[in-house]
Amino acid sequence: MNVNIAPSWKSALQKEFKQDYFLHLVDVLKAEKASGQPIFPPGPLLFNAFNLTPLEQVKVVIIGQDPYHGPGQAHGLSFSVQNSTALPPSLLNIFKEIEQDLGVRMSRCNGDLTQWAKQGVLLLNATLTVRANQPNSHSGLGWQQFTDAVIQLINEQKNHVVFMLWGNFAREKGKHIDEKKHLVLRSPHPSPFSADKGFFGSQHFSKTNEYLILHGIEPIDWLIS
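Before going into details, it helps to say that this report is about the structure given with it. Just so it is clear, the structure is predicted and the values come from calculations on it, not from any experiment.

## A closer look at the overall build of the protein chain
Here is step 1: Looking only at helices and strands, the protein chain features nine helices and six strands.
Here is step 2: Relative to the compact-globule value of 17 Å for 225 residues, the protein chain shows a C-alpha radius of gyration of 17 Å, a close match.
Here is step 3: Each principal axis of the C-alpha distribution contributes one length, and for the protein chain these read about 50 × 35 × 25 Å.
Here is step 4: Relative to its 225 residues, the protein chain shows a buried fraction of 55%.
Here is step 5: When contacts within the protein chain are restricted to residue pairs at least 6 apart in sequence, those whose partners lie at least 24 apart make up 68%.
Here is step 6: In the form shown here, the protein chain has an accessible surface area of approximately 10300 Å², with 51% of it arising from carbon and sulfur atoms.
Here is step 7: Charged side chains of the protein chain number 20 positive and 19 negative; the gap between the two group centres comes to 2 Å.

Quick look at the structure:
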């Protein structure tokens, strides 16, 4: 499969790209596209997280579930939306927690997290595509196996990465991370249904930077203005 992806990821994931499950996944996506079915994010942005955050630059991993399924939202980064799009509730709660944790004022009109990705924050959705207006519609295609392989690569090849696992889904996704090598931060999901059960006040953003600095790694500037 020819994809626009950083060379380090392309090399590291060559084995996955050749697996039967991945070839089947590609065939399904091609067939849906040929039938006129809208799929998000747009094709050129499907591997956006891997383009913006090469493997060698990964410092932090934030695991989401699947892309936003409305037009003009998803652009290949978990929790992030394209600029000028209204902030989804979970992202708004993430910004509120950053404000409380770090004492900064976050934007209410810009939910594009590209600048996090460029600093080494891999914004990884467990499923990389979705049909328009059909949440979790591609969760059974094989993306889960692919992103498990991504997490395992980071776990094995990197040291001192911070994994933010928000909600039961992300906790399950990251259950095999070696906590002797990496920092794993867990909390409820930032969704309005659970944010006040422990996401607010978790201080994951300051804890991440404290850990990175402790290990001689440049901290993340979390401010989105």
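That was the structure; now back to the text.
## A closer look at the pairing of strand β2 (residues 60-64)
Here is step 1: Of all five residues in β2, five are buried; the element is thus mostly enclosed.
Here is step 2: Two strands pair when backbone bridges link them, and β2 and strand β3 (residues 121-125) are joined in this way by five bridges, in the parallel orientation. Bridge pairing links Ile-62 to Leu-123 in β3.
Here is step 3: Relative to strand β5 (residues 162-166), β2 is paired through three bridges, and the arrangement is parallel. Residue pairing in the sheet places Ile-62 in a bridge with Met-164 of β5.

## So, the pairing of strand β6 (residues 183-187)
Here is step 1: Two elements, β5 and β6, share five bridges in a ladder whose sense is parallel. The residue bridging Phe-163 from the neighbouring strand is Val-184, located in β6.
Here is step 2: Of the crossover connections in this fold, the one passing from β5 over helix α8 (residues 167-173) to the parallel β6 is right-handed.

## Overview of the packing of helix α5 (residues 89-102) against helix α9 (residues 204-214)
Here is step 1: Viewed as axis vectors pointing N to C, α5 and α9 meet at an angle of 60 degrees, and their least axial separation amounts to 8 Å. By the angle between their directions, the pair α5 and α9 is classed as oblique. Contacts from Ile-94, Glu-97, Ile-98, Asp-101 and Leu-102 in α5 reach His-204, Phe-205 and Ser-206 in α9.
Here is step 2: Taken together, the residues of the contact of α5 with α9 sort by class into four nonpolar, two polar and two charged.

## So, the packing of aromatic side chains
Here is step 1: By the definition in use, this model includes 19 aromatic pairs.
Here is step 2: Measuring from centroid to centroid gives 6.3 Å for Phe-17 and Phe-47, while their planes differ by 85 degrees, and the two rings are edge-to-face. You can see Phe-17 sitting in helix α2 (residues 14-17) and its partner Phe-47 sitting in the loop between β1 (39-40) and α4 (48-52), a full 30 residues away along the chain. As far as the burial class goes, Phe-17 and Phe-47 line up, both buried.
Here is step 3: Both rings, one in Phe-47 and one in Phe-50, keep their centres 5.7 Å apart while their planes meet at 55 degrees; by these two values the pair is tilted.
Here is step 4: A connected cluster of aromatic rings, assembled from ring pairs, spans Trp-9, Phe-17, Tyr-21, Phe-22, Phe-47, Phe-50, Trp-143 and Phe-146.

## A word on the sheet that holds β3
Here is step 1: Overall, parallel pairing links the four strands, which are arranged β3-β2-β5-β6 in an open sheet. Since the sheet does not close on itself, it has two edges, and those belong to β3 and β6, each with one partner. The average undirected angle you get between the axes of adjacent strands in this sheet is 20 degrees.
Here is step 2: Here helix α7 (residues 143-157) sits on the sheet in contact with β2, β3 and β5, set at roughly 155 degrees to β3.

## Comments concerning the packing of helix α3 (residues 20-34) against α7
Here is step 1: One way to put it is that α3 packs onto α7 with a least axis distance of 9 Å and a crossing angle of 130 degrees. As judged from the angle between their axes, α3 and α7 are oblique. For the crossing formed where α3 meets α7, the hand is left-handed. Residues Tyr-21, Phe-22, Leu-25 and Leu-29 of α3 form the contact with α7, whose own contacting residues are Trp-143, Gln-145 and Phe-146.
Here is step 2: Residue classes in the contact of α3 with α7 are distributed as six nonpolar, one polar and no charged.

How each quantity is defined
Residues numbered from 1 in each chain as written. Predicted model: local features only at pLDDT ≥ 70, side-chain atom pairs only at ≥ 80, totals over all residues. Heavy atoms only, no water. Helix = DSSP H or I, 4+ residues; strand = E, 2+ residues; numbered from the N terminus. Rg over C-alpha atoms; globule rule 2.2 N^0.38 Å. Buried < 20%, exposed > 50% of the residue type's maximum accessible area, 1.4 Å probe, protein only. Contact = heavy atoms within 4.5 Å. Areas by Shrake-Rupley, 256 points an atom, 1.4 Å probe, with all protein chains shown as cover. Lys, Arg positive; Asp, Glu negative; His and termini not counted. Charge placed at Lys NZ, Arg CZ, Asp CG, Glu CD. Pairing = 2+ DSSP bridges. Right-handed = clockwise from strand over helix to strand, strands pointing away. Axes fitted to C-alpha atoms, helices over the stretch in contact; angles between N-to-C directions. Parallel < 35°, antiparallel > 145°, perpendicular 65-115°, else oblique. Nonpolar A, V, L, I, M, F, W, Y, C, P; charged D, E, K, R; others polar. Phe/Tyr/Trp six-rings, centres within 6.5 Å; stacked < 30°, edge-to-face > 60°. Left-handed = near helix turned anticlockwise from the far one by under 90°.

Keep in mind these numbers describe shape, not what the thing actually does.
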